[in-house]
Amino acid sequence: MKNSKLYVSILSILGLVLIYFLFSKGNYFYEFLKQSSITQKQIDAIFHKELVVDEIVLKHSVYMYSNFDEIDKAIRMLRNRVSMLDKNDFFKTNYPQAYNFFKKYKVELNKKIDDIYRFETINSSLKNSFMFLLTYINQLSLNKDVSIYYYIKVVKIVSDIMLLKSTHDIDFFKNLDIKYFTSLKFMDKKLEKDNKFFIAHLINIKNNFNLYYNLLEQILNSKTKKLLRKIDKEVFETNTYKSVEIKSLSLLIIIFIAFYTIISIFLLIWLERENKKLKLLTKELKYLSLKDVLTGVYNRYKFEIDIKKLDEKEIVFFIVNINGFRYINEYYGSEFGDKVLVYVANKLQELLKNHNALIYRIGGDDFGVILKREKLKLKKVIENIIDFFENNECEIDGVILKVTVKIGISLKRPFFENALIALKKVKNIPRKKYLFFKDEFNLRKEIEENIKKSKELYSAIKEDRLIPVFQPIVDLKTQKVVKYEVLARLKLDDRLVSIFPYLEIAKENKLYEEITSIILKKAIEEFKDVDMEFSVNFSIEDILDRKIWKILAKANRDYGIINKMTFEILESEAISDYSDINKFIKYIKSMGGKVAIDDFGSGYSNFSHIAKMNADFVKIDGSLIKNLDKDENLFNILKGIVYILRSLNIEIVAEFVENEEIVQKLKELNIIYGQGYYLGKPSENINL
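The residue count restarts for each chain, going from 1 along the sequence in the order it is written. Local features in a predicted model are, by the rule used here, given only for residues with pLDDT of at least 70; side-chain atom pairs are given and counted only at 80 or more, and totals for whole chains, interfaces and linings are based on all residues. Neither water nor hydrogens contribute to the side-chain values; these are computed over all heavy atoms in the structure.

Segments assigned H or I by DSSP are reported as helices when at least four residues long, segments assigned E as strands when at least two residues long, and all are numbered from the N terminus. In terms of helices and strands, the protein carries 23 helices and 17 strands. Radius of gyration: C-alpha atoms only; globule rule: 2.2 Å multiplied by the number of residues to the exponent 0.38. In terms of C-alpha radius of gyration, the protein reaches 66 Å, well past the compact-globule figure of 26 Å for 688 residues. With respect to the principal axes defined by its C-alpha atoms, the protein has extents near 210 × 70 × 50 Å. Using a 1.4 Å probe on the protein chains alone, a residue whose accessible area is under 20% of its type maximum counts as buried, one over 50% counts as exposed, and one in between counts as partly exposed. The buried share of the protein, reckoned over its 688 residues, is 43%. For the protein, long-range pairs separated by at least 24 residues make up 70% of all intrachain contacts whose partners lie at least 6 apart in sequence. For the accessible areas, the method is Shrake-Rupley and the probe is 1.4 Å, while residue cover comes only from the protein chains on display. Put simply, the protein shows about 38700 Å² of open surface, and 55% of that area lies on carbon and sulfur atoms. We call two residues in contact when some of their heavy atoms are within 4.5 Å.

In structure tokens:
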């Protein structure tokens, strides 16, 4: 878009520059048109002045009385015009053929002017003679002594001469009988003298009229005007040729301008279309920047913008979280989970449509809601939301399920953090459905502690400070170590700390599988060359992780070590789907491995689970062991558990064995294996 505007600008500038270059003062076309016009005017002026000269010459030939200064002035003006054209460099350069004619013209003009001066000299002489003849007739008419015959002869010859002068008909010369007058003798001396003057003028006329006539013809029909016409024609044809060039170029300019105009219009239309697309794209981007693409409600970014603008005292903010969404995603898949999110978003919009609510998706399964406090019965609104989801089932892809929610509410800033703390708090209270944030909630400190643990866990993995330790499992009768349980520790400032406080952080940060992988590899490396069995703790995440399967397969292929391993599956994981677990157990047992149920009796105890899992061992949770020496009821409970497990042919390991009295109680219950600080603390080394 930016480049297109640049192209249009460049084309506009080029077009304007070209138009300016072609038609502005000083350029070739302008100067040619200007100088050719001046040249043509100079030629026309010469032609005009020469006609003026001819007119004056002709007038002088007719009238008896005329002023020679007039013709001299006309000639000077003509020479002046000729001189101007002679100094015209444009004329010389652009019309070379015409200039050649012009040089000939100047030569012929000089001849013509010479003829004019000669003509005027003869013309003056003839005019004197003509004037004398007319005067002489007048004198004779008054003289009574003159014979009538003489008078008639004089009148006759004067008339012929006047006709000759008027018509320039040379034939009148044939009638001029001068001999008659020269043969006459007069008695009157004066008349004799007058007749001689009369004869002299007749002879003057007869001798010079032809020259007079020829000069006049030469003057009026001189070559100058023909040469002027050639000059004019040559200039005209050159101008015509140049005009064709100018017209052709003008046509190209018009075509260019038309092309430029079409391109400009096309570009403008294209730019307009692109601009519309850009506006639409901007609108879509703005929509995407503010809306959650999946659910259509506002997103976290829009929430951050809105919450800053709103008055703390006028609003309330709460977070709606879907209970067990993680399991929905894992069990039905993320695509199904997305549909659940859309369902919840739509229902929230329906439930809150009369409250002008601003609804946001601010996390994976967290929806934020801003409501105005004015005339708001907040608890009723919150309870309506909870009740709706608890009392209504939804059907997605043919699956009918009930989606329930919990809500954390904040009435003051920072709204999001406070509502999140309230939400986390209420998530840990089974019977509570919603909770208002209170200052006494100390979850912020817990969050800070979680951040600290997360950093410690990341750095421990990065710096290889995840350490396996080994706690012995002892045969209570022989006091011999029969195997070791591998436990994970973090090395912090030369201290070994339990991995247990970091497990939830690890799961949240997707590091759990990496921890298992590291500890498992190190444990295999430790026991590969040792004649001793060992057990490792496995969660449902580990069992489902195909990378762990590959590690085990490789270890067995390289060292044949699986038959020395017992996989302690955490019974507290509330396992609901046994298909994947049974596949894993079948795979492990095919390689000689054993399976133990860990933490049995911790709250998820279920003998049917144990039967389904085909376990080799059950590890009794420490809560049933650590007070066994003091609590008779625990003894009786364990007695029943032992009885059932024995009937299932499952061996028992007691955890938390911390004194000799507990050992004795376990022996009474016929529990063979024990584990605890009394029997052996976890150590980085194996004591064989």
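This next bit is on the packing of helix H19 (residues 546–559) against helix H20 (residues 579–590). Axis geometry follows a simple rule: fit a line to the C-alpha atoms, using only the stretch in contact for helices, then measure angles between N-to-C directions, giving values from 0 to 180 degrees. Here H19 crosses H20 at 10°, and the two axes come no closer than 12 Å. Relative to H20, the element H19 lies roughly parallel. Residue-level inspection shows Trp 549, Leu 552 and Ala 553 of H19 in contact with H20, the latter providing Lys 583, Phe 584, Tyr 587 and Ile 588. Roughly parallel covers angles under 35 degrees, roughly antiparallel covers those over 145, roughly perpendicular covers 65 to 115, and oblique covers all other angles.

Bringing a nonpolar patch on the surface into the picture now. A patch consists of residues exposed above 30% relative accessible area that lack any salt bridge, with like charges linked at up to 9 Å and nonpolar side chains (Val, Leu, Ile, Met, Phe, Trp, Tyr) linked at up to 5 Å. In what follows, salt bridge is the name for a side-chain nitrogen of Lys or Arg lying within 4 Å of a carboxyl oxygen of Asp or Glu. On the surface, Leu 278, Leu 281, Leu 285, Tyr 287, Leu 288 and Val 293 cluster together into a nonpolar patch covering about 580 Å² of accessible area. Looking at the element boundaries, Leu 278 is found in helix H9 (residues 223–290). The class for Leu 278 is partly exposed, based on a relative accessible area of 42%.

The definitions used throughout rest on a 1 Å grid laid over the protein atoms alone, on which a cavity is an enclosed set of points accommodating a 1.4 Å probe that cannot get out and a pocket is an open set flanked by protein within 12 Å on both sides along at least five of seven lines; lining residues are those having an atom within 4 Å of a point. Grid points are joined across faces, edges and corners, and a volume is the space filled by probe spheres set on the points. This model, assessed by the stated rule, comprises one cavity of 30 Å³ or more. Of the voids in this model, the largest cavity is the one considered here, and its volume is about 60 Å³. For the largest cavity, the full set of lining residues is Ile 473, Val 482, Lys 483, Thr 566, Glu 568, Ala 596, Phe 617, Lys 619, Val 653 and Tyr 673. Counting only elements with at least two residues in the lining of the largest cavity, the list comes to strand E10 (480–492), strand E13 (565–570) and strand E15 (617–620). Charged means Asp, Glu, Lys or Arg here, nonpolar means Ala, Val, Leu, Ile, Met, Phe, Trp, Tyr, Cys or Pro, and polar covers whatever is left, Gly included. Of the residues that constitute the lining of the largest cavity, the class distribution is six nonpolar, one polar and three charged.

In this structure, Leu 552 and Ile 620 are the most contacted members of the largest nonpolar core, which totals 75 residues. Looking at this core, the element that brings in the most residues is helix H17 (residues 512–527), giving eight residues. Counting residues in hydrophobic clusters, the runner-up holds 62 residues, among them Val 53, Phe 91, Tyr 150 and Phe 209. Definition of nonpolar core: a set of buried residues of the types Ala, Val, Leu, Ile, Met, Phe, Trp, Tyr and Cys, connected through side-chain atoms within 4.5 Å.

This part is about the pattern of salt bridges. Side-chain pairs of opposite charge can arise where the charged atoms are in close proximity. Considering all chains together, one arrives at 29 salt bridges under this definition. A salt bridge links Glu 304 to Arg 300; its shortest N-O distance comes to 2.9 Å. Note that Glu 304 and Arg 300 are positioned in helix H10 (residues 300–309) at a spacing of four residues, about one turn of the helix. Taking the relative accessible area as the measure of exposure, Glu 304 reaches 30% and is therefore partly exposed. A residue is classified by how much of its surface remains accessible, and Arg 300, at 31% relative accessible area, is partly exposed. In this structure, Lys 594 engages Glu 533 in a salt bridge whose closest nitrogen and oxygen atoms are separated by 3.6 Å. Here Glu 533 lies in strand E12 (residues 533–538) and Lys 594 lies in strand E14 (residues 594–600), a separation of 61 residues in the sequence. Here the salt bridges share partners, and the residues they tie into one network are Glu 50, Asp 54, Lys 112 and Lys 225.

In summary, the pairing rule links any two rings of Phe, Tyr or Trp, Trp by its six-membered ring, whose centres are within 6.5 Å, and it sorts them by plane angle into stacked for under 30 degrees, edge-to-face for over 60 and tilted for everything else. All chains considered together, the criterion is met by 33 aromatic pairs. Geometrically, the ring pair formed by Phe 617 and Tyr 673 is edge-to-face, given 6.3 Å between the ring centres and 65° between the ring planes. With Phe 617 in strand E15 and Tyr 673 in strand E17 (residues 673–674), the pair connects residues that are 56 residues apart, well separated along the chain. Tyr 673 matches Phe 617 in its accessibility class, with the two residues each being buried.

A word on the UniProt feature "transmembrane region" (unreviewed entry) in the protein. UniProt positions are given in the numbering used here, feature names are shortened, and annotations may be inferred rather than shown by experiment. UniProt's entry tags residues 6–23 and 249–271 with the feature "transmembrane region" (unreviewed entry), counted in the numbering of this structure. End C-alpha atoms of residues 249–271 are separated by 31 Å, and the span's content is 100% helix alongside 0% strand.

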